[in-house]
Amino acid sequence: MNSTQKPVAIVTGASSGIGLGITLAFIKHGYDVVGTARNISRSKELKASSDLVLIDGDISKKETTAQVAAAAIEHFGRIDLLVNNAGIFVAKPFTDYTEDDYNSVMSINVASYFFMTQQVIPRMKKQHLGHVVNISAVLADQPSSSVRALLAVLSKSTMPAVSKALALEYAADNIRFNTVSPGNVNTPMHANDDHAALAKFHPLGRMAEISDIVDAVLYLQNATFVTGENIRVDGGIHAGR
């Protein structure tokens with residue numbers, strides 16, 4: 001990257017919650033950003049501009065991921081960071097999950113980061129520089145008897161392992177892979193939930209704010225000797241209750 005080029009980030013699930021926070025933070029830090037979600041062009045918080053390209057689409061589809069990567073290269077000429085944030089959460093007793101539940105969760109939570117990551121690696125290899133951050137969930141490696149969400153465990157638990165494997169596979173290409181695993185985060189998804197009850201899941205006694213997750217992603221982007229790591233931003237849940 002020459003001195004006049006801005007770094008470029010792709011953020012999936014960018015229209016709300018954590019993804020929106022990450023998108024706004026990287027624009028503030030001088031990045032050009034490609035944000036994608038099903039209907040992101042209708043966003044009230046994000047408007048397309050010289051430093052922000054918005055792509056509508058189903059990120060679980062390979063053709064959408066190809067379109068997103070192509071937009072980054074066409075508009076900005078490079079891809080420095082991918083944040084695989086897109087995801088859905090369906091909580092049910094295990095035997096109540098339907099085939100549609102399974103297909104929906106696995107498509108958004110697994111296929112999206114599989115195909116999107118495939119799309120950015122060739123450009124990152126060409127640059128000999130890149131970074132992929134996967135947004136998982138601490139529930140995936142620290143399940144709770146009070147939260148029946150096996151599909152979250154099944155789909156999100158792959159992310160830290162994949163980050164480790166790819167960190168080794170592409171280390172010689174100077175491409176890093178890391179994971180951020182949040183606890184309960186104060187996002188629109190929890191707008192109608194009991195925040196006091198959700199806070200009790202965390203030893204620190206509060207929910208995470210979007211800014212807590214953003215700070216972890218910013219740290220990882222700046223910490224260029226960190227790869228294959230899983231940062232748990234969970235108020236101590238992973239340490240035990």
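Rules behind the numbers
- Each chain carries its own residue numbering, running from 1 in the direction its sequence is written.
- Residues qualify for local features only when their pLDDT is at least 70, as the model is predicted, and side-chain atom pairs are given and counted only at 80 or more; totals for whole chains, interfaces and linings, by contrast, use all residues.
- No hydrogens and no water enter the side-chain calculation; it runs on all heavy atoms of the structure.
- A run of DSSP states H or I qualifies as a helix once it reaches four residues; a run of E qualifies as a strand once it reaches two. Both are numbered from the N-terminal end.
- The rule is simple: take the accessible area with a 1.4 Å probe, protein chains only, and divide by the maximum for that residue type; under 20% is buried, over 50% is exposed, in between is partly exposed.
- Contacts are residue-level and defined by heavy atoms, with any inter-residue pair within 4.5 Å sufficient.
- Axis definition: a line fitted to C-alpha atoms, over the contacting stretch in the case of helices. Angles run 0 to 180 degrees between N-to-C directions.
- Handedness of a crossing is defined here by the sense of rotation of the near helix relative to the far one, left-handed for an anticlockwise turn of less than a right angle and right-handed for a clockwise turn.
- Amino acids outside the nonpolar list (Ala, Val, Leu, Ile, Met, Phe, Trp, Tyr, Cys, Pro) and the charged list (Asp, Glu, Lys, Arg) are all regarded as polar, and Gly is one of them.
- For this document, the term salt bridge refers to a Lys or Arg side-chain nitrogen within 4 Å of an Asp or Glu carboxyl oxygen.
- Orientation labels follow simple angle bins: below 35 degrees gives roughly parallel, above 145 gives roughly antiparallel, 65 to 115 gives roughly perpendicular, and whatever is left gives oblique.
- Every helix has an expected span of 1.5 Å times one less than the residues it contains.
- Working definition: the arc comes from the directions between the helix axis and the C-beta atoms, pointing outward to the latter.
- Geometry of aromatic contacts follows a simple scheme: Phe, Tyr and Trp rings, the Trp one being its six-membered ring, pair when their centres are within 6.5 Å, and the pair is stacked under 30 degrees between planes, edge-to-face over 60, tilted otherwise.

Engineer: Which parts of the structure should I look at to understand the overall build of the protein?
Structural biologist: The number of helices and strands found in the protein is 7 helices and 7 strands. In the protein, the succession of helices and strands from N to C terminus is β-α-β-β-α-β-α-β-α-α-β-α-α-β. Considering only C-alpha atoms, the protein reaches an extent of 50 × 35 × 30 Å along its principal axes. The buried share of the protein, reckoned over its 241 residues, is 51%. Put simply, 68% of the contacts in the protein that link residues at least 6 apart link residues at least 24 apart.

Engineer: Hey, could you run me through the packing of helix H2 (residues 62–76) against helix H3 (residues 99–127) in this one?
Structural biologist: Two numbers describe a pair of packed helices, the interaxial angle and the distance between the axes. Between H2 and H3, whose axes approach to 9 Å, the crossing angle comes to 35 degrees. For the pair H2 and H3, the crossing hand works out as right-handed. In this structure, H2 contributes Lys62, Thr65, Ala66, Val68, Ala69 and Ile73 to the contact, and H3 contributes Ser112, Phe115, Met116, Gln119 and Arg123. Residues belonging to the contact of H2 with H3 are distributed by class as follows: 6 nonpolar, 3 polar and 2 charged.

Engineer: Even after reading the chapter, I still don't get the pattern of salt bridges, so can you show me in this structure?
Structural biologist: Should the charged atoms of two oppositely charged side chains come close, the side chains can pair. Across all of its chains, the model carries 4 salt bridges by this definition. Aspartate 32 is the partner of lysine 6 in a salt bridge, and the nearest nitrogen-oxygen pair spans 3.0 Å. Here lysine 6 is found in the segment before strand E1 (8–12), whereas its partner aspartate 32 is found in strand E2 (residues 32–37), with 26 residues between them in sequence. Residue class for lysine 6 comes out partly exposed when judged on its relative accessible area of 33%. According to the relative accessible area criterion, aspartate 32 is buried, its value standing at 9%. A salt bridge links aspartate 58 to arginine 38, with the nearest nitrogen and oxygen atoms 3.7 Å apart. In this pair, aspartate 58 sits in the loop between strand E3 (52–56) and H2 while arginine 38 sits in the loop between E2 and E3, placing the two residues 20 residues apart along the sequence.

Engineer: How should the packing of helix H1 (residues 17–28) against helix H7 (residues 210–222) be read in this particular structure?
Structural biologist: Where H1 contacts H7, the axes come no closer than 9 Å and their chain directions differ by 50 degrees. By the criterion of interaxial angle, the relationship of H1 to H7 is oblique. H7 is crossed by H1, and the crossing has right-handed handedness. Residues Gly17, Ile18, Gly21, Ile22, Ala25 and Phe26 of H1 pack against Ile210, Ile213, Val214, Val217, Leu218 and Gln221 of H7. When grouped by side-chain class, the residues that make up the contact of H1 with H7 number 9 nonpolar, 3 polar and no charged.

Engineer: Would you mind going over H2 with me for this structure?
Structural biologist: What sets the pattern is the α-helix's 3.6 residues per turn: residues three or four places apart point alike. When the terminal C-alpha atoms of H2 are compared, their 21 Å separation across 15 residues agrees well with the 21 Å that a helix rising 1.5 Å per residue should span. Every buried residue belonging to H2 is among Thr64, Thr65, Val68, Ala69, Ala71, Ala72 and Phe76, and all of these are buried. Down the axis of H2, the smallest arc covering the buried residues is 150 degrees, so these residues share one side. Residues of H2 that are exposed and angled more than 90 degrees away from the buried face: Glu63 and Glu74. At its buried positions, H2 is contacted by E1, E2, E3 and H3.

Engineer: Can you help me understand unusual backbone geometry in this one?
Structural biologist: Excluding glycine, most residues fall at negative phi; most peptide bonds, likewise, are trans. At histidine 128, a position not held by glycine, the phi torsion is positive, near 55 degrees. Its location among the elements puts histidine 128 in the loop between H3 and strand E5 (130–135). The backbone of asparagine 174 sits at a positive phi, close to 60 degrees, despite the residue not being glycine. Along the chain, asparagine 174 falls in the loop between helix H5 (158–169) and strand E6 (175–182). On the accessibility criterion, asparagine 174 (34% relative accessible area) is partly exposed.

Engineer: Would you take a moment to explain the packing of aromatic side chains for this structure?
Structural biologist: Geometry of an aromatic ring pair is reported as the spacing of the ring centres plus the angle between the planes. Inspection of the entire model under this criterion finds 3 aromatic pairs. Where phenylalanine 114 meets phenylalanine 115, the ring centres are 5.3 Å apart and the plane angle is 90 degrees; that geometry is what we call edge-to-face. Between tyrosine 170 and phenylalanine 177, the ring centres sit 6.0 Å apart and the planes meet at 40 degrees, which makes this aromatic pair tilted. Taken as a pair, tyrosine 170 and phenylalanine 177 share a single burial class, namely buried.

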